[in-house]
Amino acid sequence: MENLKVIPIHIGVIMDGNGRWAEKRNLPRIFGHKEGIEAVRRTVKAAVKYNIKYLTLYSFSTENWKRPKEEVEFLFYLMEENLKNEGEELNKNNIKVRFLGRKWELPVNLIKIMDYVENLTKENTGLNLIFAINYGGRVEIVDAVKKIIKLGYKEEEIDETLIKKFLYLPDVPEPDLIIRTSGEKRISNFLLWQSAYSEFYFTSVLWPDFDENEFLKALVDYQKRKRKFGGI
Ligand code: IPE
Ligand code: IPE
Ligand code: MG
């Protein structure tokens, strides 16, 4: 095994390239999403193996509603089926599953299964596996500001600590490393507040081809980073 001295506590992944993976094979885009699930499985396994404490997987953005209705529905169907089928297995592996985003806008059947898996795994102490579904970094900040105003906070009480407290999952540490597949080099509204000092790793591998070896490459690259947080 590689000599890994610094292991990130929290890794975020922008799982991109499903559509292109399918198009390359002359298949409809949904085949890419289906294959992407296998990459999710491999990544969760790798995260457990390398002792990552938090893994956040960007699964559906608030902008992804712009896609054709059939594709959106298929993505929700895939999430529902897989959470239903994998809930017990995740639980057996001591994985705590959580969700990040505007859950209340999702289809009721999906919400039900999300609540079920979250509840089933809530006492687990292993990997914190967070699925960002209907998540947008900007709207997360908007939602935080709304809550703060509703609760009547005064101007002098507003600071970074307070805003952070009203984000969706305030107890989750900021991501140390954000991986994006498919060759795009942008954040696409993922964890805007939390990524202020994250390290980024971009790979041209399409998400359905992502595996333990690619995950390890990102970890190895992370070893070379010198995090300064504004200091010297
Ligand atoms: C990522 O793959 C999956 C989601 C955004 C849900 P894409 O569907 O964005 O794949 P490309 O970018 O079109 O290849
Ligand atoms: C980001 O991928 C969202 C997810 C991975 C869920 P997109 O494919 O939606 O991002 P853009 O549109 O290329 O920026
Ligand atoms: Mg994409």
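Residues numbered from 1 in each chain as written. Chains lettered and ligands numbered in written order. Predicted model: local features only at pLDDT ≥ 70, side-chain atom pairs only at ≥ 80, totals over all residues. Heavy atoms only, no water.

1. With respect to the site of ligand 2
Part 1: In the vicinity of ligand 2, the contacting residues are Ile14, Met15, Asp16, Tyr58, Ser59, Phe60, Ser61, Asn64, Arg67, Arg180, Arg186 and Ser188.
Part 2: Asp16 is positioned such that a nitrogen or oxygen atom in its side chain is 3.2 Å from an oxygen atom of ligand 2.
Part 3: Taking Arg180, its side chain carries an N or O atom lying 3.3 Å from an oxygen atom of ligand 2.
Part 4: Here ligand 2 is seated within the largest pocket. (Near = heavy atom within 4 Å. Polar contact = N/O pair within 3.5 Å; in protein donor to acceptor, adjacent residues only side chain to side chain. 1 Å grid on protein atoms, 1.4 Å probe; cavity = no way out; pocket = protein on both sides within 12 Å on 5 of 7 lines; lining within 4 Å. Sits in = over half its atoms within 2 Å of the grid points.)

2. What to know about helix 7 (residues 212-223)
Part 1: The first and last C-alpha atoms of helix 7 sit 17 Å apart over 12 residues, in line with the 16 Å expected at 1.5 Å per residue.
Part 2: Each element contacted by the buried residues of helix 7 is listed here: strand 1 (10-14), helix 2 (29-49), strand 5 (177-180) and strand 6 (199-202). (Helix = DSSP H or I, 4+ residues; strand = E, 2+ residues; numbered from the N terminus. Expected span 1.5 Å × (residues − 1). Contact = heavy atoms within 4.5 Å.)

3. Overview of the site of ligand 1
Part 1: Every residue near ligand 1 is listed here: Met15, Asp16, Gly17, Asn18, Gly19, Arg20, Arg29, His33, Ser59, Asn64, Arg67 and Leu75.
Part 2: Taking Arg20, its side chain carries an N or O atom lying 2.7 Å from an oxygen atom of ligand 1.
Part 3: Within the side chain of Arg67, an N or O atom sits 2.7 Å from an oxygen atom of ligand 1.
Part 4: Broken down by secondary-structure element, the contributors of at least two residues to the shell around ligand 1 are helix 1 (18-24) and helix 2.
Part 5: Ranked by the residues each element gives to the shell around ligand 1, the list is headed by helix 1, at 3 residues.
Part 6: For the shell around ligand 1, the residue count by class is 2 nonpolar, 6 polar and 4 charged. (Nonpolar A, V, L, I, M, F, W, Y, C, P; charged D, E, K, R; others polar.)

Limitation: the analysis is restricted to geometry and does not speak to function.
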